[in-house]
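In case you want the letters, here they are:
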Amino acid sequence: MSAAQVQKLEALLQRVTTRRNEPRPARGAAPAPRSAAPETKPSATFAPRPASQPPPARSIADALESPTAQYPKPAATKPAASKPAASKPAASKPSAAARPQARPQPTAKTAPKAAPAAKPAAAKPAEPRRVARGSFAPPRQAVAKVTSPHRELTFGDLLADALSLRPED
Amino acid sequence: MAESSQSQQAAFDPGGFYEFDLGAGAVRTRDGERVVLVAPEVLRPLVAAAAERGDLTPLRNFGNGLARHAKSSLGGGAGGASPEAVLRHASAVVALFGLGVLDLERWGKALVFRLTESPELDEKHLAVAAFLGGFVSELTGQDIACVPVGDDRFLVTHPSSADRVWALSRGGSSLADIVAVLEGSKR
């Protein structure tokens, strides 16, 4: 341990002992506000920290510059990671409407399956669609127009037809 | 135009067609035309004599006069009216003069008038043919010939074709044959 580290340790111990000597609040009373201790206030809250002033000690681990204190080990996150596993049964219980949401996320095995699932979607346009109206026969309206020319024959029309019949000499 | 269409759709109104003036000893149509009521037996020898002489103009004129009644009832010429409307009004007028039941047939493109229940005026039915010719000519505004092609049927044809049709009919050709000849010659 270096001399500087020893000095820091000594300063810390001194602070701890002074806190212990402070009068404790009565049982059940509200704890003394932390703001009363100027050391607890984060540095550079209202003004930049002077370069000469050493950063306030946050904890023993900080004082020792232990990386583990600043960056928690991955093991600490394990319980949090296990939470979804615990919620799985709960998710499967709700009504059928919620089931699709409770479906397990695609695993590495199912992920490739998702890609083929996209194939039918891409193939949809190529699927044989219903024959378009009028493909093989004219639409009904057109048929109606063709089959009913519709001008009512007049007596004059009949007479003209009759007079057009003339025998050859 | 609208009035004309309404007249065509309406039935012929025979009410008040004749006015009997007993004091004057006259019968008039509602158009003021004087008519004489005679029995067919009186008419028959007169018509036969006219047919033998070869002049049936009075009967043709008689047809013209009756067609004017029909035209008046139709609200205009028959050319633009439906065949049903023309027949409805024409047959009503013909019936009012006691000449029989007029009907219209179509044989292919040929038009045929049929007059049944009519008094027999001459053996060859030329009097009725003259009457119908005058009737249709006045009705349509064209020169029309109606040629007898059977006991009670008369083929509507152009006057220039009438003699040919008459010859076929006199030769024993049926109406269907005559129409076939007419249509065949057109091809």
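Preceding this section is the structure that the text describes.
Note that this is a predicted model, so its numbers are computed, not measured.

Enquirer: Got a minute to help me understand the pairing of strand β2 (residues 26-29) of chain B in this structure?
Expert: Remember that side chains alternate between the two faces of the sheet whenever the strand is regular. Residues and elements named next belong to chain B. Of the pairings in the sheet, the one linking strand β1 (residues 18-21) to β2 comprises 4 bridges and is antiparallel in character. Following the sheet pairing, Asp-21 is matched in β2 by Ala-26. In this structure, the hairpin formed by β1 and β2 is closed by a connection of 4 residues, where Gly-25 is found at a positive phi of approximately 65 degrees. Counting the residues that bridge the hairpin from β2 to strand β3 (residues 34-35) gives 4 residues, and of these Gly-32 lies at a positive phi of roughly 90 degrees.

Enquirer: What is the right way to read empty space enclosed by the protein from this model?
Expert: If a probe as big as a water molecule is rolled over the atoms, it shows which places are left empty. Following the criterion strictly, the structure yields 1 cavity of 30 Å³ or more and no others. Estimates place the volume of the largest cavity at around 30 Å³. Lining the largest cavity, in full, are Phe155(A), Val86(B), Leu87(B), Ala90(B), Leu104(B), Phe113(B), Phe135(B) and Leu139(B). Where the lining of the largest cavity is concerned, the elements lending two or more residues are α4 (83-96) and α5 (126-140) of chain B. Each residue belonging to the lining of the largest cavity can be placed in one class, and the counts come to 8 nonpolar, no polar and no charged.

Enquirer: Can you help me understand a nonpolar patch on the surface in this one?
Expert: Residue and element names in this part refer to chain B. A cluster of nonpolar side chains, contributed by Val-36, Val-38, Val-42, Leu-43 and Leu-46, occupies part of the molecular surface with about 450 Å² of accessible area. Within the element layout of this structure, Leu-43 appears in helix α2 (residues 40-53). On the basis of relative accessibility, which here comes to 34%, the residue Leu-43 falls in the partly exposed class.

Enquirer: What's the story with the layout of surface pockets in this structure? I'm lost.
Expert: Residues and elements named next belong to chain B. Estimates place the volume of the second largest pocket at around 690 Å³. Lining the second largest pocket are 28 residues, with Val-38, Leu-43, Leu-59, Phe-62 and Leu-99 sitting closest to its centre. Of all elements in the fold, only α2, α3 (57-74) and α5 reach the threshold of two or more residues within the lining of the second largest pocket. Residue contributions to the lining of the second largest pocket peak at 5 residues, all from α2.

Enquirer: I tried to follow the nonpolar core on my own but got confused; where do I start?
Expert: In a soluble, globular protein the nonpolar side chains are often hidden away together inside. Judged by nonpolar contacts, the single largest core of 40 residues is most densely connected at Leu102(B), Leu111(B), Phe113(B), Leu132(B), Phe135(B) and Leu139(B). Only α8 (155-163) of chain A together with α3, α4, β4 (101-107), β5 (110-116), α5 and β7 (153-157) of chain B provide two or more residues apiece to this core. If we skip the residues at most four places from it in the chain, Leu102(B) touches Leu87(B), Ala90(B), Ser91(B), Val94(B), Phe113(B), Arg114(B), Leu115(B) and Leu132(B). If you look at the next biggest cluster of nonpolar residues, it comprises 14 residues, including Ala110(B), Val112(B), Ala145(B) and Val149(B).

Conventions adopted
- Residues numbered from 1 in each chain as written.
- Chains lettered and ligands numbered in written order.
- Predicted model: local features only at pLDDT ≥ 70, side-chain atom pairs only at ≥ 80, totals over all residues.
- Heavy atoms only, no water.
- Pairing = 2+ DSSP bridges.
- Helix = DSSP H or I, 4+ residues; strand = E, 2+ residues; numbered from the N terminus.
- 1 Å grid on protein atoms, 1.4 Å probe; cavity = no way out; pocket = protein on both sides within 12 Å on 5 of 7 lines; lining within 4 Å.
- Points joined across faces, edges and corners; volume = space filled by probe spheres on them.
- Nonpolar A, V, L, I, M, F, W, Y, C, P; charged D, E, K, R; others polar.
- Patch = residues over 30% accessible without salt bridge, like charges linked within 9 Å, V, L, I, M, F, W, Y side chains within 5 Å.
- Areas by Shrake-Rupley, 256 points an atom, 1.4 Å probe, with all protein chains shown as cover.
- Salt bridge = Lys/Arg side-chain N within 4 Å of Asp/Glu carboxyl O.
- Buried < 20%, exposed > 50% of the residue type's maximum accessible area, 1.4 Å probe, protein only.
- Core = buried A, V, L, I, M, F, W, Y, C linked by side-chain atoms within 4.5 Å.
- Contact = heavy atoms within 4.5 Å.

Nothing here speaks to function; it is all geometry.
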